[in-house]
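Chain residues, written in single-letter form:
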Amino acid sequence: MYFYFYQVIMIVSLVLSLFVIGMLWRRRHYPAAAAMTALVISIFVWTLGYFLESHSSTLERQLLFNNIGYLGSMSVPVAWFVFALNYSSAGRLLRGRKIIFFCILPFIFTVFIWTNNFHHLMWSNEHLGTSGAFTITIKTYGPVFWAALVHNYLLVLAGGIVLLRRLFVGPHLYAGQAVSLIVAVCLPWVWNMLYVFDMASLPRKDLTPAMFAVSGIALTLGLMRFHLFKAVPFARELIIQQLKEGVLVFDRHNTLLEANSAALKILGVDKSVIGKLFEGLVDASRVFERLQSTGFTREELTLAVSGEKRIYELEKMPVLNRQEQQAGWLAIFYDITERKKAEEKYRLLAEYSADVIYKYSIKDGKFTYVTPSAEKLVGYTESEALNVDISRFLTPESSDKQAGQLKKDLQNGISRRIIQLEAVHKDGHIIPVEVHCSFIIDDEGQPVEVIGVVRDITERKKMEEQLIMQDRLASIGQLAAGLAHELSNPLTGIINYSSLLLDRDLPEDMKQDVYSIRDEARRTADIVKNLLAFTRKQPLEKKSVNLNDSVKKVADLRAYEQKVNNIEVNFNLDPSLPLVYGNDSQLQQVFFNIIVNAEFFMLQAHKRGTLNIVTEKAGDYVRVSFTDDGPGIPAEDIKNLFTPFFTTKGADKGTGLSLSICLGIVSEHGGKIWAESQPGKGSTFIIEFPVYCEDSV
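### Observations concerning the environment of Arg-523
- By the element assignment, Arg-523 lies in helix H17 (residues 508–535).
- Setting aside its immediate chain neighbours within four residues, Arg-523 contacts Leu-557 and Gln-588.

See below:
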């Protein structure tokens, strides 16, 4: 019965070994899996040899299978020891040539086993015998056998100690792994020791291979229950040494227990400081003096490491045992040099940016951070901005718009927004701004702050307005071209019929009126003609022009209106005024627009007025000046006088085009136009044209 039980146990051991090899193959990429695979294969060979030996009835066959079993038994201790070291230190200790070194003695012992018939140093006096139900080979062990046995026991013992030291200091998971591994490997060797030294009253049959059935169960439990090879413990010392942060470990008596290489480099000391009391370390580095004077806190310090200036964040913290009592303390050095450089870089970008960067607390309704550029944009210093309510920075309409949009975004879960608002400068003037903002969310998913960028878009708004004006001018140009075509026919009729009237015998006063009708119709026809030429981008017809004559023609045209409205016109025209080169109709249009504007503002100011018109030569230019005694022009309006659609007359009394048209005509003639004014003392419009030179035309 005992014989059959032994056979069943060995078969179970063989099957479990194959099962474990299959599980290990699927985990072959995990650390130390290769060493464990070699270990289980060795166990399989050992068990197989002894299983075949138990079914052999001759001495020769038993010795053959016994030697095959020894191939496995000599490999198991080496594979176990290599596995223990590699598993507990993440495969960083034994590889390649180092493993070959540990295989030299087992290889020599194996050679002695297979050549024993020539020297009998492993065993002698081999003969068959019986022990219970077993047929066994009885031997007398030689000196090499005992040397091999001691060697194997030492390797198994060393591997077990390595796992005990490495794994039992870790969490429960690693302790479970350690138990399963030590049971799997050490139990068969304990049984082997009982057999070799005849320490148990059992049949003289080596049952060590049978114990590998228990090993297979233990390994299976380790693989399936304790995540063997999936969760691999790394050596504590290895981790600490590879940390980039400097780590110092002190016990409660202030003895330095450990310092990794990063800490030694930071402090500029060597390993000789380990084991010394804190008081003896102060002379080694001034940092220890700093540690002595600070409590458990964080602070920054600057150190020279290898001749380079580095910035560190030093954290000092207590180490507590399971009873929540202080067992020691740690000092950790975090290198924050690059972070500080990045912070400085972004600080400079923020502080010197034209845009305003801010953080706004939703709960408090206050700014928690603004960049110095806020003073340039809205006139408030950084400290003032932090104490001013957000509504002070915005117009009432923009404040309501911003608050409503904020509430809507919070309800809809929108985290980013671009919105255009009107900011109010400290001095009261309005600034169009574009705000890019994002919400900062807390751990509960609630928005607590808004971070954003405010950009002055005044120039962009001006450009947009100019584009709109250009589009409107283009539309007006198309309309004017259509009107010019429509006006051509009736103007031709007026000119023709007035000419026919002049051929008749009319009273002299009536004839002068008809002349005026014909001349103004011709002038209007010329304006229409010029307008058509302008819209078609055709060159205008130019010739030499006497500006005195042009001014008088326009003044005669406005004489009746001026007389009715009590406007006195004084002329100071230079009789020797040089000629200019241009289109007379266009030049009269310029003078006409300026005179009409002067009349409007004088009448608006005091229901009457005086207009002085002066012509003179100014260097290489002919100058015409129109000076009125109206209300004058505010300084902020002078720079916009010639901008299309800019008007101070009101939307129902002016289009804002007359002066921009004047600027275009004067520029077309190579001249200049500008205004000078003092509020309350009237205005002067000055126009200059180049003196006509026949050679330059």
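What follows continues from the structure just given.
### Side note on the sheet that holds strand S12 (residues 447–456)
- Strand order in the open sheet formed by 5 strands is S9-S8-S12-S11-S10, with antiparallel pairing between adjacent strands. Taken across any chain shown, the strands that pair with only one partner, and hence form the sheet edges, are strand S9 (366–370) and strand S10 (416–424). In this sheet, adjacent strand axes meet at a mean angle of 30° when their direction is disregarded.
- Bridge analysis of S10 against strand S11 (residues 430–441) gives 9 bridges, and the strand direction is antiparallel. Across the sheet, Ile-419 pairs through a bridge with Val-435, a residue of S11.
- This element, helix H15 (residues 396–412), spans S10, S11 and S12 of the sheet and lies at about 165° to S10.

### Considerations on the side chain of Thr-395
- For Thr-395, the position within the fold is in the loop between helix H14 (382–386) and H15.
- Overall, the relative accessible area of 5% leaves Thr-395 in the buried class.
- With residues up to four places along the chain from it excluded, the contact list for Thr-395 reads Glu-422, Val-424 and Ile-430.

### So, the confidence of the model for the protein
- Model confidence for the protein is summarised by a mean pLDDT of 77, while 76% of its residues fall at 70 or above.
- Within the protein, the element-level pLDDT minimum falls on helix H8 (residues 208–224), averaging 55, and the maximum on strand S17 (residues 621–628), averaging 93.

### What to know about the packing of helix H18 (residues 547–564) against helix H19 (residues 584–606)
- Close contact between H18 and H19 brings their axes to 9 Å; oriented N to C, the two are set at 40°. Classified by the angle between their axes, H18 and H19 sit oblique to one another. Between H18 and H19 the crossing geometry is right-handed. Of H19, the residues touching H18 (which contributes Leu-547, Ser-550, Val-551, Lys-553, Val-554, Leu-557, Arg-558 and Gln-562) are Asp-584, Leu-587, Gln-588, Phe-591, Phe-592, Ile-595, Val-596 and Glu-599.
- Looking at side-chain class alone, the contact of H18 with H19 contains 9 nonpolar, 3 polar and 4 charged residues.

### What to know about the nonpolar core
- With 35 residues, the main nonpolar core has Leu-39, Tyr-70, Met-74, Ile-113, Met-122 and Trp-123 as its most contacted residues.
- Those elements giving two or more residues to this core turn out to be helix H1 (2–26), helix H2 (33–54), helix H3 (59–88), helix H4 (97–114) and helix H6 (143–167).
- When residues of this core are assigned to their parent elements, the largest contribution, 12 residues, is made by H3.
- Look past the residues within four positions of Trp-123 in its chain and what remains in contact with it is Leu-63, Asn-66, Asn-67, Tyr-70, Ile-113, Asn-116, Lys-139, Thr-140, Tyr-141 and Gly-142.
- Ranked by size, the runner-up nonpolar core spans 32 residues in total, among them Ile-595, Met-602, Ile-665 and Ile-673.

### Observations concerning the sheet that holds strand S3 (residues 246–251)
- A sheet is described by the order of its strands in space; here 5 strands give the open sequence S4-S3-S7-S6-S5, paired in antiparallel fashion. Two strands lie at the open edges of the sheet, namely strand S4 (256–259) and strand S5 (298–305), each paired on one side alone. Sheet twist, expressed as the mean angle between neighbouring strand axes with direction ignored, is 25°.
- The sheet contact formed by S5 and strand S6 (residues 308–320) spans 8 bridges and is antiparallel. Counted as the bridge partner of Ala-304 is Lys-309 from S6.
- In the packing of helix H11 (residues 286–293) onto the sheet, the strands contacted are S3, S5, S6 and strand S7 (326–335), and the crossing angle to S5 comes to about 170°.

### Some details on H11
- Among all positions in H11, only Val-287, Phe-288 and Leu-291 are buried. Seen end-on, H11 carries its buried residues on one side only, within an arc spanning 100°. Turned more than 90 degrees off the buried face of H11, the exposed positions are Arg-286 and Ser-293.
- Those residues of H11 that are buried lie in contact with S3, helix H10 (261–267), S5, S6 and S7.

### Quick notes on the pairing of strand S18 (residues 672–677)
- Of the two faces of S18, the one lined by Ile-673, Ala-675 and Ser-677 is fully buried and the one lined by Lys-672, Trp-674 and Glu-676 carries no buried residue.
- Bridge count for S18 against strand S19 (residues 683–690) is 6 bridges, and the pairing is antiparallel. In the strand pairing of S19, Trp-674 is matched with Ile-686.
- The hairpin formed by S18 and S19 contains 5 residues between the paired strands, and Gly-680 there has a positive phi angle of roughly 90°.

### Digging into the pairing of S12
- Relative to S12, strand S8 (residues 356–361) runs antiparallel, the two being bridged by 6 bridges. Within S12, the position partnered with Ser-361 by the bridge is Glu-449.
- Across 9 bridges, the pairing between S11 and S12 is antiparallel. Across the sheet, His-436 pairs through a bridge with Val-453, a residue of S12.
- Remark: 5 residues form the turn of the hairpin made by S11 and S12, two consecutive strands paired antiparallel; Gly-445 in that turn has positive phi of roughly 80°.

### A word on the packing of aromatic side chains
- Taken as a whole, this structure holds 12 aromatic pairs when the rule is applied.
- Summarising the aromatic geometry, the rings of Phe-101 and Phe-102 are spaced 5.6 Å apart at their centres and angled 85° between planes, so their arrangement reads as edge-to-face.
- By relative accessible area, Phe-102 is classed as partly exposed at 25%.
- Between Phe-145 and Trp-146, the aromatic rings sit 5.4 Å apart at their centres with planes inclined by 80°, giving edge-to-face as the arrangement.
- Geometry around Trp-329 places Lys-316 over its ring, the cationic atom sitting 4.7 Å from the centre.
- The ring of Tyr-621 carries the charged tip of Lys-672 above its face, separated from the ring centre by 4.8 Å.

### Things to note about unusual backbone geometry
- Although it is not a glycine, Asn-125 adopts a positive phi angle of roughly 55°.
- With respect to the secondary-structure elements, Asn-125 resides in strand S1 (residues 123–131).
- Residue class for Asn-125 comes out exposed when judged on its relative accessible area of 52%.
- For Lys-607, which is not a glycine, the phi torsion comes out positive at approximately 60°.
- Tracing the backbone through its elements, the reader meets Lys-607 in the loop between H19 and strand S16 (609–618).

Scoring rules and cut-offs
Residues numbered from 1 in each chain as written. Predicted model: local features only at pLDDT ≥ 70, side-chain atom pairs only at ≥ 80, totals over all residues. Heavy atoms only, no water. Helix = DSSP H or I, 4+ residues; strand = E, 2+ residues; numbered from the N terminus. Contact = heavy atoms within 4.5 Å. Pairing = 2+ DSSP bridges. Axes fitted to C-alpha atoms, helices over the stretch in contact; angles between N-to-C directions. Buried < 20%, exposed > 50% of the residue type's maximum accessible area, 1.4 Å probe, protein only. pLDDT = per-residue confidence, 0-100. Parallel < 35°, antiparallel > 145°, perpendicular 65-115°, else oblique. Left-handed = near helix turned anticlockwise from the far one by under 90°. Nonpolar A, V, L, I, M, F, W, Y, C, P; charged D, E, K, R; others polar. Core = buried A, V, L, I, M, F, W, Y, C linked by side-chain atoms within 4.5 Å. Arc of directions from axis to C-beta. Phe/Tyr/Trp six-rings, centres within 6.5 Å; stacked < 30°, edge-to-face > 60°. Lys NZ or Arg CZ within 6 Å of the ring centre and 35° of its normal.

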